[in-house]
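Summary of the model geometry
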Amino acid sequence: MFAAPDSIQGWHAHIYYDPTTREAAARLREGIADAFPEARLGRWHDVPVGPHPQAMYQVAFAPALFPTLMPFIALNREGLTVLVHPETGRQKVDHLEHAVWMGAVLPLDASVLPD
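These lines cover the structure that appears in this document, whether it is placed above or below.

Rules behind the numbers
- Residues numbered from 1 in each chain as written.
- Predicted model: local features only at pLDDT ≥ 70, side-chain atom pairs only at ≥ 80, totals over all residues.
- Heavy atoms only, no water.
- Buried < 20%, exposed > 50% of the residue type's maximum accessible area, 1.4 Å probe, protein only.
- Helix = DSSP H or I, 4+ residues; strand = E, 2+ residues; numbered from the N terminus.
- Arc of directions from axis to C-beta.
- Contact = heavy atoms within 4.5 Å.
- Expected span 1.5 Å × (residues − 1).
- Axes fitted to C-alpha atoms, helices over the stretch in contact; angles between N-to-C directions.
- Parallel < 35°, antiparallel > 145°, perpendicular 65-115°, else oblique.
- Left-handed = near helix turned anticlockwise from the far one by under 90°.
- Nonpolar A, V, L, I, M, F, W, Y, C, P; charged D, E, K, R; others polar.
- Pairing = 2+ DSSP bridges.

Bringing helix α2 (residues 66-76) into the picture now. Looking at α2, one finds that the buried residues are L69, M70 and I73. Down the axis, α2 shows its buried residues gathered within 100 degrees of arc, on one side only. Away from its buried face by more than 90 degrees, α2 exposes P67 and L75. Lining the buried residues of α2 we find β1 (10-16), α1 (22-35), β3 (56-61), β4 (82-87) and β5 (100-102). Of the residues trailing α2, E78 is marked for its positive phi of about 50 degrees.

Helix length check: α1 (14 residues) gives 20 Å between terminal C-alpha atoms against 20 Å at 1.5 Å per residue, within 8%. Summarising the contacts, the buried residues of α1 are in contact with β1, β2 (40-41), β3 and α2.

Packing of α1 against α2 leaves a shortest axis separation of 11 Å and a crossing angle of 150 degrees. In terms of axis orientation, α1 runs roughly antiparallel to α2. Every pair of crossing elements has a handedness; the one defined by α1 and α2 is right-handed. For the pair α1 and α2, contact is made by L28, G31, I32 and A35 and by L69, F72, I73 and N76, respectively. Split by residue class, the contact of α1 with α2 holds six nonpolar, two polar and no charged.

Moving on to the pairing of β1. Burial runs high along β1: seven of the seven residues are buried. Burial along β1 is two-sided: G10, H12, H14 and Y16 facing one way and W11, A13 and I15 facing the other are all buried. For β1 and β4, the ladder comprises six bridges, and the chain directions are antiparallel. Considered in β4, the bridge of H12 is made with H85. Pairing geometry for β1 and β3, over six bridges, is antiparallel. Looking across to β3, one finds that Y16 is bridged to M56.

Listed below in structure tokens is the structure:
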């Protein structure tokens, strides 16, 4: 059985950075804020948090923004690694199976994600 696209309630983009790429992450964050004011920018996490193996911030956005925000991130990420996943209410599957990666695929800590 196939999942229905209308089961997606929203999207999260996780922008990963380290001390050497934090400025690039800040530029991307500023660009997203300027071009997509309806997107919600999460806090900077300078240490790993949740299933994420390195520093990151999250961008939460509605499904209607996907066709324009995804290309914006792809074209302006300056080599940063980005994880984009849907929000369907199934965190483990959303992060591990429904995810789209730009750049390196990082190992997530699945043990902290509920089923």
